[in-house]
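# Observations on the three-dimensional arrangement
In case you want the letters, here they are:
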Amino acid sequence: MKVAAAYIRVSTDDQTEFSPDSQLKALKSYAEKNNILLAEEFIFSDEGISGRNTGKRPAFNKMISTAKSKPKPFDIILVWKYSRFARNREDSIVYKSMLKKFNIDVVSVSEDVGDNKMSVLFEAMIEAMDEYYSINLAEEVKRGMTEKAKRGGVLSIPAYGYTIKDNKYVPVPDEAIIIRKVFNDYIGGKGFLKIAGELNDMGIKTHRGNPIENRTVEYWLNNPVYIGKIRWNPTGALSRDYTAETAIVSDGSHEAIIDIDTWNTAQKMLSRRKERYRSYSRSSDKDLSHWLTGIVRCERCGAVCSYQGGYFGCSKRGKGLCAGTGYISAKKLESIILSTLSDILLSNAEPVISEAAVSERKDREEKTEISEFLIKKLEAKLERIREAYENGVDTLEEYKASKENITAEICRLKKEIDLYAADIHKENGKESPMRLMQLLRNDHIARVDKNKAAKAIFKEIVKGESDSIKCVFWE
C-alpha cells in the first residue's frame, strides 16, 4: 500500500467551497478509493497564503523537508488541484523534479491527466493556465486598487490613530492624541529612539500588538494619512525614505489628525535629517578615516575633500579634474573648526541646530492637552492598583512600589505643563550645540559618533585658498 502526504492551501481569494476541510475531505476520499494510506502526521496546510512562491509557505517547506528524510516517509503528495502546489511554473518544475529524485509524485485528485506520456503535456498546460490566472488576478486587483487610491478610498488596515467605519477611516481619540504627541515631541527635538522608548513605557502598542520601534515612529512621521491623504504604491513597498515615483497620494475623505503646519515642519526636519546623515550613516571607525570625512568641500569645484595621510585635499585634484585649493593639516582644520564653534557659542549667538529653533514653535495648548490626557490615564491606573491592593491581589510592597512610580510620572507630566506655560523652550534649545562641541573635543569618542555630531552642526565646511575655512551651519 502506498503512503501519501496531503498538501492543502487556501489563499485569501479562494471561495468557501475550497476551504481546508473541503480539500482534506476530497483528498481522503481519493486515498480511500485508491487504497492509499493518508497518515495524519503527513497532512500539511497553509491557510490564507498566496501560492505565487514558496518563500512564505511554512507548511509547504516543512513537507519538502520531510520528503527528503530517510527512509522515504511517503510515496505521493496529494493536492486538490495543481494550483494548490504552485502557481509558479518555475517553482513547480524545481520541486517536482526534486521529489522525483526521491520517487515521490505529486497527484491532483480533481485533475486526472492520466499516467501515459501525454500526461506530462496535460499537466504542464494546467499549470500554465493556473499561472496565467494568478498573474491576471494580481493585475486586476492592482488595477482596482489603483483606481480606488486615486479616489481616496480605503485600501488597507487603518494606520494607528484610525479605525474603519462605513468603509472610511475614523479617528480614534486616544490614539490620535498619541500621534499628535509623536509629532510634537519630534518637532521639539526628541529623536526616534527616545519617542519610541517613552511610548513603550506608557504601554502603547501598534494595531498588531507589537511594541513601538524607531522605524514605527519614523513611519508615522512620514505617513500622509494623518493630514487626510491616501498613499499607495502599486508597484510594491515604499523605500525607507518613504518615496517612490510610482506612489499615488490623493485626498482622502477622512478627518486629519495633524494640521498642515505641524506636518510641514516635521517633513522639513525629516528632510534635513536625511540630508545630514545620507553619507556614512552605517560607517564604523574601521572604514571612517576621520570624523570630518564627507563634510569638508573644495571651494573651487565643490567636491568633497578627502583625508589623505593627515591632510585634507580636493578628491578631484589627483584625477586632474580640479586645480584644487591646496592641502590643509587635519589637526589645523580641527583647531580652526572647534575654535570657530566655541566663539559662536560664547558670543551667545543663536543655536546652530535647526531642531532647537523649531522647538520654539511648540503648540503649548496641544502639548498641555496631551500631558493632561496622560495624567488622567495614570490617575485611573493609580485607582486600579489601589483596588488591587484592597482586594488582596497585590501585596503592600507591590502597591507602594507601583504607586511611587506612577506618582513620580504624574509629577513629571505636571512639571512639563508648567514648563509649557513658562515658555522656556528657547533656553533649553541652546544646550544641544554645547553638548555636541564637548563631544567633538573628547578624544575618547569614536570617529563615527563625532562624524554624526559634526553633521548635526555643519551643513558643510568649505576649504579655500591659503588654509581659509568657511563654516556653513544649518539654518
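All values reported here derive from a predicted model rather than from experimental measurement. Within each chain, residue numbers correspond to sequence positions counted from 1 in written order. Confidence filtering applies because this is a predicted model: local features only for residues at pLDDT of at least 70, side-chain atom pairs given and counted only at 80 or more, and all residues used for totals across whole chains, interfaces and linings. The side-chain figures draw on all heavy atoms in the structure; neither hydrogens nor water molecules are used.

Where helix H6 (residues 173-187) contacts helix H7 (residues 192-201), the two axes come as close as 10 Å, and the packing angle between them is 150°. The angle between the axes of H6 and H7 places the two elements in the roughly antiparallel class. Seen from above, H6 lies across H7 with right-handed handedness. Residue-level contacts link Ile-178, Lys-181, Val-182, Asp-185 and Tyr-186 of H6 to Phe-192, Ile-195, Glu-198 and Leu-199 of H7. Lys, Arg, Asp and Glu make up the charged group, whereas Ala, Val, Leu, Ile, Met, Phe, Trp, Tyr, Cys and Pro make up the nonpolar group; the residues left over, Gly among them, are polar. Residue classes in the contact of H6 with H7 are distributed as 6 nonpolar, no polar and 3 charged. With axes taken as lines fitted to C-alpha atoms, and helix axes fitted only over the stretch in contact, angles between N-to-C directions fall between 0 and 180 degrees. Secondary structure elements are taken from DSSP: a helix is a run of H or I of four residues or more, a strand is a run of E of two residues or more, and numbering for both begins at the N terminus. Small angles under 35 degrees read as roughly parallel and large ones over 145 as roughly antiparallel, with 65 to 115 read as roughly perpendicular and the rest as oblique. Crossing handedness: left-handed means the near helix sits turned counterclockwise from the far one by under a right angle, and right-handed means the same turn made clockwise. In what follows, a contact means two residues having at least one pair of non-hydrogen atoms within 4.5 Å.

Note on classification: 1.4 Å probe, protein chains only; a residue is buried when its accessible area is under 20% of the maximum for its type, exposed when over 50%, partly exposed between these limits. Within strand S1 (residues 2-10), 7 of the 9 residues are buried, which leaves the element mostly enclosed by the surrounding structure. Strand pairing requires that DSSP identify at least two bridges connecting the strands. Relative to strand S3 (residues 76-79), S1 is paired through 3 bridges, and the arrangement is parallel. The residue bridging Ala-6 from the neighbouring strand is Leu-78, located in S3.

With that settled, consider the pattern of salt bridges. Note on definitions: salt bridges are taken to be side-chain nitrogens of Lys or Arg within 4 Å of carboxyl oxygens of Asp or Glu. This model, assessed by the stated rule, comprises 15 salt bridges. Of the charged contacts, one joins Lys-190 and Glu-198 as a salt bridge, the two residues approaching to 3.0 Å between their closest N and O atoms. A salt bridge links Glu-409 to Arg-412; the shortest N-O distance between them is 2.6 Å. Taken together, the residues span about one helical turn, with Glu-409 and Arg-412 both in helix H13 (residues 396-422) at a distance of 3 residues. You can call Arg-412 partly exposed: its relative accessible area is 35%. One continuous salt-bridge network, built from bridges that share partners, spans Lys-181, Asp-185, Lys-190, Lys-194 and Glu-198.

Checked against the element boundaries, Glu-387 lands in helix H12 (residues 364-390). Since its relative accessible area comes to 38%, Glu-387 is described here as partly exposed. When the C-alpha positions of Glu-387 and Tyr-399 are compared, they lie 9.7 Å apart, and in sequence the two are 12 residues distant.

What follows deals with the sheet that holds S3. On the basis of which strands lie adjacent, the open sheet formed by 4 strands has the order S2-S1-S3-S4 and parallel pairing. Unpaired on one side and paired on the other, strand S2 (36-47) and strand S4 (105-108) mark the two borders of the sheet. For this sheet the average axis-to-axis angle between neighbouring strands, irrespective of direction, equals 25°. Judged from the 8 bridges that link them, S1 and S2 form a sheet pairing that is parallel. Counterpart to Val-10 in the pairing with S2 is Glu-47. Across the sheet, helix H1 (residues 20-33) lies against S1, S2, S3 and S4, angled at about 160° from S2, the strand it touches most. Running at roughly 145° to S2, helix H2 (residues 58-67) makes contact with S1, S2 and S3 of the sheet.

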